Amino acid sequence: MRDRRSTAVTAMSAAVVATALVATAPGSSPATAEGPATTLPAASADIPTPEEHFGFEMGAEGKLAAYPDVLDYMRSIADSSDRVDYETVGETTEGNEYATVFISAPENLERLDEIVELNKRLSDPRSTTPDEARALARESVPIYHLEATVHSTEVGNGQAINDIVHRLATETSDFTENVLTNSVIMLVPSQNPDGQVKVVDHFDRTAGTDLARVYPDLYQKYTGHDDNRDWTMFTQVEARYRLGLTNEYRPVMTHIMHQQGSTGERIFVPPYGGVTSPNVPANSNASASAVGQHAMRGLTAEGKTGVGTDDYHIYWTLEQPVGFFPFTGTGVYLTEIASVVDLAYPQRSGDGSPLGPQTPTQDLIQPYDKDTWTLRDIVEYAETATYAGMEYVADNGTELLYDNLYAAPHEFTENGVASGVEAYVVDAEQRDPYATYEMLERLEWTGVEIDRATAPFTAGGEQYPAGSWVVATHQPRGNWVDQLLGTDEYPTDDLPYAEATTSLPLQLGVDVAAVDEPVAAELERVEQVEVPDVEMPAAPGSSGAYLVRPESYGTIPMVAALQKANIATFRAGAEFTADGTAYPAGTYVVPATPQARRVLATSSADVGVPVAATPEAPEVDGIQLKPRTRVGLLRGANNMPGGWDMYVMDQYKVNYEVVGAQDFTSGRLGDVYDTIVLPQGISKEDIVEGLDPAKYDEEFAWAYGVGADGWRKLRQFVRQGGTLLAIGDSVETAQDLLKLPIEPALPEDDEEFATGGSLLNHQFDTSDMVAWGMPEEWPVWLYDTQAWTPTGPDADVVSSYPDDDVLASGYLRGEEHVAGTANVVSFDVGKGKVVTYGSEVTFRSLPRSSFNLLYNAVYGGPAAEVSSTQLAGLQPQFTADGRLRQR
Ligand SMILES: [Zn+2]
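Residues numbered from 1 in each chain as written. Predicted model: local features only at pLDDT ≥ 70, side-chain atom pairs only at ≥ 80, totals over all residues. Heavy atoms only, no water.

**A look at the overall build of the protein chain**
Secondary structure summary: the protein chain contains 25 helices and 39 strands in total. Taken over C-alpha atoms, the radius of gyration comes to 29 Å for the protein chain, in line with the 29 Å a tight globule of 887 residues would show. Along the first, second and third principal axes, the C-alpha atoms of the protein chain reach 90 × 70 × 55 Å. A buried classification covers 61% of the 887 residues belonging to the protein chain. Accessible area for the protein chain stands at about 32,500 Å²; split by element, carbon and sulfur atoms hold 46% of it. Looking at the protein chain, you have 58 positive and 132 negative side-chain charges, and the mean spots of the two groups are 6 Å apart. (Helix = DSSP H or I, 4+ residues; strand = E, 2+ residues; numbered from the N terminus. Rg over C-alpha atoms; globule rule 2.2 N^0.38 Å. Buried < 20%, exposed > 50% of the residue type's maximum accessible area, 1.4 Å probe, protein only. Areas by Shrake-Rupley, 256 points an atom, 1.4 Å probe, with all protein chains shown as cover. Lys, Arg positive; Asp, Glu negative; His and termini not counted. Charge placed at Lys NZ, Arg CZ, Asp CG, Glu CD.)

Written out as structure tokens, the structure reads:
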């Protein structure tokens with residue numbers, strides 16, 4: 001029996017020798033030494049070229065293939081070629097088709113189910129010995145996952161795949177023979193079909209006009225360019241499709257095709273730079289570097305210059321560029337190709353000098369040597385890089401199957417994780433059952449095994465009740481468990497490309513304990529994670545009320561449901577006791593009508609947040625939520641944080657509208673909205689200037705500027721009684737608008753203060769309406785936005801950073817600047833209310849433990865105060881149509 005590892009070494013040495021003798025480009029290289037196992041049947045002659053199908057060469061100036069045409073082309077090739085299978089995976093967020101195309105030798109496609117099964121068996125090192133795994137690896141075929149265009153304005157790769165599929169479907173050469181016989185290509189023509197449709201439609205629609213050619217708004221309905229930053233919670237259906245493909249097919253290599261800006265190297269290939277998480281399997285990491293170097297060699301051999309690596313992209317955080325996937329063992333092969341002008345027109349230096357950086361280094365051996373860069377160049381670079389990746393996988397398939405699918409998880413099932421944590425224990429008694437459910441569900445989606453205790457037990461010196469969960473790290477996805485549930489110490493002062501931590505428990509608000517020794521408990525495997533069962537209490541009498549505690553962010557959809565059904569809803573303004581149970585300030589008090597019962601029964605079952613009942617409503621001061629509170633989201637064009645906020649509001653069925661320029665033109669804003677939310681990143685300029693009508697037509701009229709008059713109207717909105725909530729950088733906008741008595745606390749210089757995206761400890765004034773239901777202390781997410789210092793008595797500090805020990809997870813430079821400063825601050829302005837959130841409390845929908853800070857104020861701002869006698873008598877201050885009752 002041959003030893004895989006020494007074979008790998010031999011193959012690599014052979015490659016080095018071949019390079020030294022004659023540089024061969026991918027696609028022109030001779031067949032591998034072992035020779036192809038089979039001979040491909042001749043390809044069908046009636047497959048049109050992309051040029052014949054689309055009417056232009058891929059990469060032709062000013063021409064882009066439309067997504068439906070691409071799918072038509074793929075389907076028609078699948079119809080006439082036994083090398084190509086087409087599969088519909090499902091519908092996207094906006095109803096387009098998400099598809100995969102499998103390309104391989106016919107005998108591989110026929111046994112694809114068997115290959116999937118082999119890969120699955122390979123991936124569990126506990127039931128397979130190394131020798132068995134080697135045999136399985138020889139029997140299986142490696143899968144190369146090729147994903148074109150997750151970022152919809154990076155259009156070149158989506159053109160290249162048409163050439164690539166045509167070539168693989170029609171050519172008879174040593175190269176295609178090798179690739180098709182020794183690998184299965186799993187192509188996703190677009191990871192974000194909605195965006196591809198929007199961007200290409202817009203581009204075509206604006207041809208020959210003075211209008212801007214690049215689509216100006218979010219090209220994924222909610223996430224826009226953040227659509228590749230969703231690899232923790234998998235909030236979007238497209239992200240879940242990618243997750244499903246990875247879980248099912250277990251590719252050894254995932255090639256993610258991107259474009260970068262137009263000024264850098266012409267193409268980036270791995271290796272990645274900077275720090276590396278020890279939880280990324282070493283084999284996955286090394287194979288990404290190897291494939292990148294194979295591509296660099298291939299591109300260079302073809303005379304393609306400007307091929308670079310950099311230390312910008314790193315294997316540290318979970319959101320991007322790579323996310324969850326390398327943790328499964330797959331090598332993540334990221335290519336980033338320089339972009340052109342207006343998607344499809346040449347970029348020229350203008351003075352004859354070559355484009356891009358010009359100093360040769362080991363990161364850029366041969367700088368780009370021309371003064372022009374075209375869409376066709378992008379297509380050709382993408383094709384060469386892809387063929388090189390495919391060739392690498394076909395040449396090294398058996399080794400990659402063993403190393404990436406088997407040996408990578410074996411590292412963790414055998415030795416555990418680098419942190420030394422043996423298990424994470426999730427107490428059954430949590431303040432937020434919905435958060436706990438959401439966290440466990442994500443673990444389940446990502447293939448993590450979860451156990452549940454059938455009896456009380458002790459672990460790490462703590463006692464846990466029956467029903468508590470235990471997630472061990474000695475399992476195939478133990479590395480992912482450790483990365484997701486642990487806290488991080490980002491190890492260098494070079495700030496990360498994306499974030500310095502993820503730490504799902506801290507983000508969601510779940511108590512999770514890391515235990516350094518094996519947990520001895522009676523456990524059973526969780527078959528399916530479910531929302532906790534809740535039962536409605538018996539209906540109290542007519543003077544009674546239903547009570548819902550305020551801690552869970554699951555209360556947000558519950559309140560939205562009460563609002564939608566127009567059910568009177570009160571909140572206690574202070575602690576009280578009912579039937580011997582203490583309830584905190586902010587507890588929801590709902591008059592016990594049959595209709596309220598129906599709505600609460602459904603909405604509490606959806607989120608697993610229990611409802612209690614009391615025969616007598618509590619006698620405590622409080623507020624009544626305004627019936628059908630009208631919420632406005634002033635999201636701005638292409639503002640991703642606003643998109644994420646829209647996603648959350650849609651998920652929770654909040655009654656909101658996107659604030660558009662048209663809202664400023666007639667009457668008062670207060671006639672339309674009770675509360676307006678300014679998401680992170682909305683500047684005065686975004687509001688006043690907005691999109692230019694000369695460049696963007698009617699379709700984007702909602703995002704036009706509202707001018708100085710509109711700006712004044714926004715100010716009047718607050719002064720006349722509206723609620724304005726500003727997040728992150730938008731606090732500056734609110735301050736500019738209303739001269740709020742706060743000043744920035746953090747220095748602008750990164751050298752003095754930076755977090756790189758981290759979780760910082762935090763203290764809440766839970767007696768303040770804005771922080772009702774929050775714990776006294778829990779971390780918040782801070783990333784490049786401000787902390788604040790009050791400058792007058794009218795600033796009500798709701799939350800602040802502690803005086804020391806500020807960092808909870810991630811990285812912190814310049815603790816002294818943030819220590820003791822304010823984060824969430826509330827103000828009475830005229831008849832209205834303003835709350836400023838210095839930290840991004842809704843960042844990519846991740847820090848859900850902070851959501852209530854926003855939604856308390858969304859509804860609490862427009863609410864009416866009620867006295868203890870009114871609350872005890874459940875006498876509404878608001879009439880059903882939302883007007884304040886006259887006293
Ligand atoms: Zn990109």
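After that view of the structure, there is still more to cover.
**Considering the sheet that holds strand S1 (residues 84–91)**
The eight strands lie next to each other as S1-S2-S4-S3-S5-S8-S6-S7, forming an open sheet whose pairing is mixed. The sheet is open, and its two borders are formed by S1 and strand S7 (307–308), each paired with just one other strand. Inspection of the sheet shows strand S6 (residues 267–268) paired to S7 by two bridges, in the parallel sense. Bridge assignment links Phe-268 to a residue of S7, and that residue is Gly-308. Strands in contact with helix H12 (residues 375–395) are strand S3 (143–147), strand S4 (184–188), strand S5 (253–260), S6 and strand S8 (331–338); relative to S8, the strand with the most contacts, it is inclined by about 165°. (Pairing = 2+ DSSP bridges. Contact = heavy atoms within 4.5 Å. Axes fitted to C-alpha atoms, helices over the stretch in contact; angles between N-to-C directions.)

**A short note on the packing of helix H11 (residues 282–301) against helix H13 (residues 397–415)**
Packed helix pairs are specified by the crossing angle of their axes together with the interaxial distance, meaning the distance between the axes. Two elements in contact, H11 and H13, have axes whose closest approach is 8 Å; the angle formed by their N-to-C orientations is 145°. Contact residues: H11 offers Ala-282, Asn-283, Ser-284 and Ser-287, while H13 offers Leu-400, Asp-403, Asn-404, Ala-407, Ala-408 and Glu-411.

**Some remarks on the side chain of Glu-438**
Along the chain, the position of Glu-438 falls in helix H14 (residues 433–445). Setting aside residues no more than four positions away along its own chain, Glu-438 makes contact with Met-233, Leu-508, Tyr-553 and Arg-848.

**Looking at the packing of aromatic side chains**
Applying the stated criterion to the full structure yields 30 aromatic pairs. Ring plane angle 50° and centroid distance 5.0 Å describe the contact between Phe-102 and Tyr-249, whose orientation is recorded as tilted. Taken as a pair, Phe-102 in strand S2 (residues 97–103) and Tyr-249 in helix H10 (residues 237–249) lie far apart in primary sequence, 147 residues in all. Grouping residues by exposure puts Phe-102 and Tyr-249 together as buried. An aromatic cluster of three or more residues is present, and its members are Trp-231, Phe-234, Phe-324, Phe-325, Phe-327 and Trp-480. Between Arg-213 and the ring centre of Phe-203, over which it is positioned, the NZ or CZ distance is 4.1 Å. (Phe/Tyr/Trp six-rings, centres within 6.5 Å; stacked < 30°, edge-to-face > 60°. Lys NZ or Arg CZ within 6 Å of the ring centre and 35° of its normal.)

**So, the pairing of strand S15 (residues 469–472)**
Across four bridges, strand S11 (residues 423–426) lies against S15 in antiparallel orientation. Across the sheet, the residue bridging to Ala-423 is Ala-472, located in S15. Pairing analysis gives two bridges linking strand S12 (residues 451–453) to S15, with the strands arranged antiparallel. When the bridges of S15 are listed, Asp-451 appears paired with Val-470.

**Quick word on the coordination of the zinc ion**
Every protein donor of the zinc ion is accounted for by His-151 (ND1), Glu-154 (OE), Glu-154 (OE) and His-258 (ND1), and the metal-donor separations fall at 2.0 to 2.3 Å. Every donor counted, the four donor atoms about the zinc ion form angles of 57 to 152° at the centre, which fits irregular coordination. Each donor residue of the zinc ion belongs to the same chain, and together they define the spacing H-x2-E-x103-H. Glu-154 carries the same exposure label as His-151, and that label is buried. (Donors = N, O, S within 2.8 Å, 3.2 Å for Na, K, Ca; no water. Tetrahedral: all angles 85-135°; square planar, octahedral: opposite > 155°, others 65-115°.)

**Some remarks on the pattern of salt bridges**
Side-chain pairing between opposite charges can occur once the charged atoms of the two side chains come close. With the rule as written, the count across this model stands at 33 salt bridges. Across the salt bridge formed by Arg-75 and Glu-97, the nearest N and O atoms sit 3.0 Å from each other. Here the residue Arg-75 occupies a position in helix H3 (residues 67–80), and Glu-97 occupies one in strand S2, the gap between them amounting to 22 residues. (Salt bridge = Lys/Arg side-chain N within 4 Å of Asp/Glu carboxyl O.)

**With respect to the side chain of Ser-284**
Considering the arrangement of structural elements, one finds Ser-284 in helix H11. The class for Ser-284 is buried, based on a relative accessible area of 0%. Only 2.8 Å separates the side chain of Ser-284 from the backbone oxygen of Thr-330, close enough to count as a polar contact. In this structure Ser-284 touches Tyr-315, Pro-326, Gly-329, Thr-330, Gly-331 and Asn-404, once residues within four positions along its chain are discounted. (Polar contact = N/O pair within 3.5 Å; in protein donor to acceptor, adjacent residues only side chain to side chain.)

**What to know about the nonpolar core**
Judged by nonpolar contacts, the single largest core of 123 residues is most densely connected at Leu-168, Trp-373, Met-390, Ile-676 and Leu-724. Considering every element that reaches this core, the biggest residue donor is H12, with twelve residues. Beyond its immediate sequence surroundings of up to four residues, Met-390 is in contact with Tyr-144, Leu-146, Ile-164, Leu-168, Val-179 and Ile-185. With 112 residues, the next largest nonpolar core counts Ile-556, Tyr-588, Leu-600 and Val-835 among its residues. (Core = buried A, V, L, I, M, F, W, Y, C linked by side-chain atoms within 4.5 Å.)

**A look at the environment of Thr-206**
Mapped onto the elements, Thr-206 comes out in the loop between helix H9 (193–205) and H10. When the C-alpha positions of Thr-206 and Ile-337 are compared, they lie 25 Å apart, and in sequence the two are 131 residues distant. With residues near it in sequence (within four places) discarded, Thr-206 still touches Leu-211, Ala-212 and Arg-213. In terms of polar contacts, Thr-206 uses its side chain to reach the backbone carbonyl oxygen of Phe-203, at 3.1 Å.

**Examining helix H21 (residues 707–719)**
An ideal rise of 1.5 Å per residue puts 18 Å on 13 residues; H21 measures up with 19 Å between its terminal C-alpha atoms. Of the residues making up H21, those classed as buried are Gly-710, Trp-711, Leu-714, Phe-717 and Val-718. Angular distribution of buried residues about the axis of H21 spans 110°; they occupy a single face of the element. On its buried side, H21 packs onto strand S27 (675–678), helix H20 (684–688), strand S28 (723–727), helix H22 (730–738), strand S37 (824–829) and strand S38 (832–837). Within two residues after H21, Gly-721 carries a phi angle of roughly 125°, on the positive side. (Expected span 1.5 Å × (residues − 1). Arc of directions from axis to C-beta.)

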